Amino acid sequence: MQMFPSSLFDNPERLNRWIEIAQSSFLPLLKGALTYTLSLSIISFAIGLVIAILTALARISGSKPLVAVARAYVSIIRGTPLLVQLFIIFFGLPSVGLTIDPFPSAVIGFSLNVGAYASEVVRAAILSIPKGQWEAAYSLGMTYRQALQRVILPQAARVSVPPLSNSYISLVKDTSLAAAILVPEMFRKAQEITATTYEPLLVYSEAAFIYWLICLVLSFIQDRIENRLDRYVA
Amino acid sequence: MIVISNLHKRFGDLHVLKGVSLTVEKGKVVVIIGPSGSGKTTLLRCLNALELPTEGSVQIGEVKLDFSARGRVDKAEIARLRRQTGMVFQSYNLFPHMTALQNVMEGPVTVKKENPDSARAKAVSLLTKVGLADKLDHYPAQLSGGQQQRVGIARALAMDPQVMLFDEPTSALDPELVGEVLKVMKELALEGMTMVVVTHEMAFARDVADEVIFMDQGVIVEHGTPEQLFTRPREERTRQFLQLLQ
């Protein structure tokens, strides 16, 4: 029975300690998730979506400079690691006199990241709407903007819900990288608790469990949104 | 009401319209016929600037647009021209995320900034007029092709256009649904609407048109009353085309 010398089950004292730590750390972790992980991901996603729509429109505008700028942006963001981007914003920019707090730094990094990836989703969704929809909108006298807002984007939204949900769920998990630039979100909380309890397996598993719970809820919300947007499709 | 002069349209090397001139008086119904690739749909689409002509001019009511290869046409002028016209498409192009009622209200509310309540009342009366009073809250996907096309007509009429343009409005329909759409169009003609119709429905042309225009290879080959054109065509090409239809 000495295969796992420090096995939990041989050691009732350690088991009790685990339960104690699990109980005392759960609320702080959950609080980190609710106050930082969620707000960080929601704010970044909202800003990122606006960037994505603008970038997608630039890509399909046919104007050479706009297309070039949009392509360069997407290429740079997609071609470099998110963690490196966050480090440049938080640790790098102060050396040119631009010091940004951890949370806004994270928002900038994540928004730019979402913007680049989601722009491809939005672009594909807009291009998937038949040309006749633009023509019908124009024939009613709509401007480009009205056609986009009233006719094209609502239909593109339906097409892009599944891939955008994917992006959002990825983002929720990616917010753990903000721990590295000192944002006190859930993963950083977990690191702090680990530092005092010396139980990384337990605490990080707990954090993982909470991420998974959040993503379960998000998948549920995604289904609801899809059902709602599908109501006009026979 | 409509004055088209010397209209040219090139798509790259393809010369689709080769100097088309045409005048349509208020309240008249003009039917354009011709083989596919003759430029009839392009001509119609030039009338509301869905295609920008390469050369020539289009005047509808008070609004006149001059086109040339280089000069860009003012967007506001294009919008004004479009507000004079209502367009009905071969594939309906209804907005699938809106109900029949919302489709018809959309133009007045978004473009003309009409009060939603009065726009709704008008939309209901237009949909009633095209026989769809019981389908107000149906989405396009829940309607037959003929019903969708009638919503399309109501949607165009909601903007109070001076001119209605029909681009092969029955070509995508099952044969048994063609009649209900043509009936609505005929009623519209009887009310004095100025209409330009591209169609293959010769019976409709014979019955409703004031003038029939035969186009081929980017030019108007012949035009006249339906009586003249169908029974005594002057041009050989017209005769050949009409024979093919029989």
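Everything numeric in this text was worked out from a predicted model, so none of it was measured.

Rules of the game
- Residues numbered from 1 in each chain as written.
- Chains lettered and ligands numbered in written order.
- Predicted model: local features only at pLDDT ≥ 70, side-chain atom pairs only at ≥ 80, totals over all residues.
- Heavy atoms only, no water.
- Helix = DSSP H or I, 4+ residues; strand = E, 2+ residues; numbered from the N terminus.
- Rg over C-alpha atoms; globule rule 2.2 N^0.38 Å.
- Buried < 20%, exposed > 50% of the residue type's maximum accessible area, 1.4 Å probe, protein only.
- Contact = heavy atoms within 4.5 Å.
- Areas by Shrake-Rupley, 256 points an atom, 1.4 Å probe, with all protein chains shown as cover.
- Lys, Arg positive; Asp, Glu negative; His and termini not counted.
- Charge placed at Lys NZ, Arg CZ, Asp CG, Glu CD.
- Phe/Tyr/Trp six-rings, centres within 6.5 Å; stacked < 30°, edge-to-face > 60°.
- Lys NZ or Arg CZ within 6 Å of the ring centre and 35° of its normal.
- Core = buried A, V, L, I, M, F, W, Y, C linked by side-chain atoms within 4.5 Å.
- Pairing = 2+ DSSP bridges.
- Axes fitted to C-alpha atoms, helices over the stretch in contact; angles between N-to-C directions.
- Arc of directions from axis to C-beta.
- Buried area = accessible area lost by both parts, 1.4 Å probe.
- Salt bridge = Lys/Arg side-chain N within 4 Å of Asp/Glu carboxyl O.
- Polar contact = N/O pair within 3.5 Å; in protein donor to acceptor, adjacent residues only side chain to side chain.
- pLDDT = per-residue confidence, 0-100.

**Some points on the overall build of chain A**
Thought 1: Counting its secondary structure elements, chain A contains 8 helices and 0 strands.
Thought 2: Along chain A, helices (α) and strands (β) appear in the sequence α-α-α-α-α-α-α-α when read from the amino end.
Thought 3: The C-alpha atoms of chain A give 23 Å as radius of gyration, which overshoots the globular expectation for 234 residues (17 Å, by more than 25%).
Thought 4: The 234 residues of chain A split such that 42% are buried.
Thought 5: Sequence separation of 24 or more characterises 73% of the internal contacts of chain A that already satisfy a separation of 6 or more.
Thought 6: When the accessible surface of chain A is summed, it comes to about 12,600 Å², and 67% of that surface belongs to carbon and sulfur atoms.
Thought 7: Positive and negative side-chain charges in chain A, numbering 18 and 14 respectively, have mean positions lying 16 Å apart.

**A short note on the packing of aromatic side chains**
Centre-to-centre distance and the angle between the planes together describe a pair of aromatic rings.
Thought 1: According to the stated counting rule, one finds 9 aromatic pairs over all chains in the structure shown.
Thought 2: For the pair B:Phe214 and B:Phe241, a centre-to-centre distance of 5.1 Å together with 35 degrees between the ring planes defines the contact as tilted. In this pair, B:Phe214 is assigned in strand 9 (residues 211-216) and B:Phe241 in helix 9 (residues 236-245), connecting sequence segments 27 residues apart.
Thought 3: You can call B:Phe214 buried: its relative accessible area is 1%.
Thought 4: An aromatic cluster of at least three residues, connected via ring pairs, comprises A:Phe87, A:Phe90 and A:Phe91.
Thought 5: Above the face of the B:Phe95 ring, B:Arg155 is positioned so that its terminal group lies 4.5 Å from the ring centre.
Thought 6: Across the ring face of B:Phe230, the terminal group of B:Arg206 is positioned such that the distance to the ring centre comes to 4.7 Å.

**With respect to the nonpolar core**
Thought 1: Membership of the largest hydrophobic core comes to 85 residues, with the highest contact counts inside it found for A:Phe110, B:Ile2, B:Leu7, B:Ile32, B:Leu43 and B:Leu47.
Thought 2: With 49 residues, the next largest nonpolar core counts B:Ala154, B:Met164, B:Met185 and B:Leu188 among its residues.

**Re the sheet that holds strand 4 (residues 55-60) of chain B**
All names here are of chain B.
Thought 1: Strand order across the open sheet formed by 4 strands is 2-1-4-5, with antiparallel pairing between neighbours. Strands with a single pairing partner mark the edges of an open sheet, and in this sheet they are strand 2 (14-24) and strand 5 (63-67). Direction aside, neighbouring strands of the sheet carry axes that sit 15 degrees apart on average.
Thought 2: In this structure, strand 1 (residues 2-11) lies alongside strand 2, joined through 8 bridges in antiparallel fashion. Note that in strand 2 the partner of phenylalanine 11 across the bridge is leucine 14.
Thought 3: Strands in contact with helix 1 (residues 40-47) are strand 1, strand 2 and strand 4; relative to strand 1, the strand with the most contacts, it is inclined by about 120 degrees.
Thought 4: In the packing of helix 2 (residues 75-84) onto the sheet, the strands contacted are strand 4 and strand 5, and the crossing angle to strand 5 comes to about 130 degrees.

**Thoughts on the sheet that holds strand 7 (residues 163-167) of chain B**
Residues and elements named next belong to chain B.
Thought 1: Read from one edge of the open sheet, 6 strands run 6-7-8-3-9-10, paired in mixed fashion. Each having just a single partner strand, strand 6 (85-88) and strand 10 (219-224) make up the two edges of the open sheet. Pairs of neighbouring strands in the sheet enclose a mean axial angle of 20 degrees, with direction left out of account.
Thought 2: In the sheet, strand 9 pairs with strand 10 via 5 bridges, with the strands oriented antiparallel. Counterpart to isoleucine 213 in the pairing with strand 10 is histidine 223.
Thought 3: Each of strand 6 and strand 7 is contacted by helix 5 (residues 145-157), which is oriented at about 170 degrees to strand 6, the strand it contacts most.

**What to know about helix 9 of chain B**
All names here are of chain B.
Thought 1: Of the positions making up helix 9, those classed as buried are Thr238, Phe241 and Leu242. Down the axis of helix 9, the smallest arc covering the buried residues is 95 degrees, so these residues share one side. Across from the buried face of helix 9, at angles greater than 90 degrees, the exposed residues are Gln243 and Leu244.
Thought 2: On its buried face, helix 9 is in contact with strand 3 (29-33), helix 7 (202-208), strand 9, strand 10 and helix 8 (226-231).

**Topic: the interface of chain B and chain A**
Thought 1: Contacts between the two partners involve 22 residues from chain B, matched on the other side by 19 residues from chain A.
Thought 2: Both sides of the chain B and chain A interface together cover about 1,900 Å² of buried area, and 61% of this is carbon and sulfur.
Thought 3: Applying the counting rule to chain B against chain A returns 2 salt bridges.
Thought 4: Ionic pairing is found between A:Arg150 and B:Glu106, a salt bridge with its closest N-O pair at 2.7 Å.
Thought 5: Where chain B touches chain A, the interface holds 6 residue pairs in polar contact (both at pLDDT 80 or more).
Thought 6: Residue assignment for the side of chain B that touches chain A shows that the elements contributing at least two residues are strand 6 and helix 3 (100-111) of chain B.

**Things to note about the confidence of the model for chain B**
Thought 1: This prediction gives chain B a mean pLDDT of 94; 100% of its residues lie at or above 70.
Thought 2: Scoring of the predicted complex yields 0.86 for pTM and 0.93 for ipTM.

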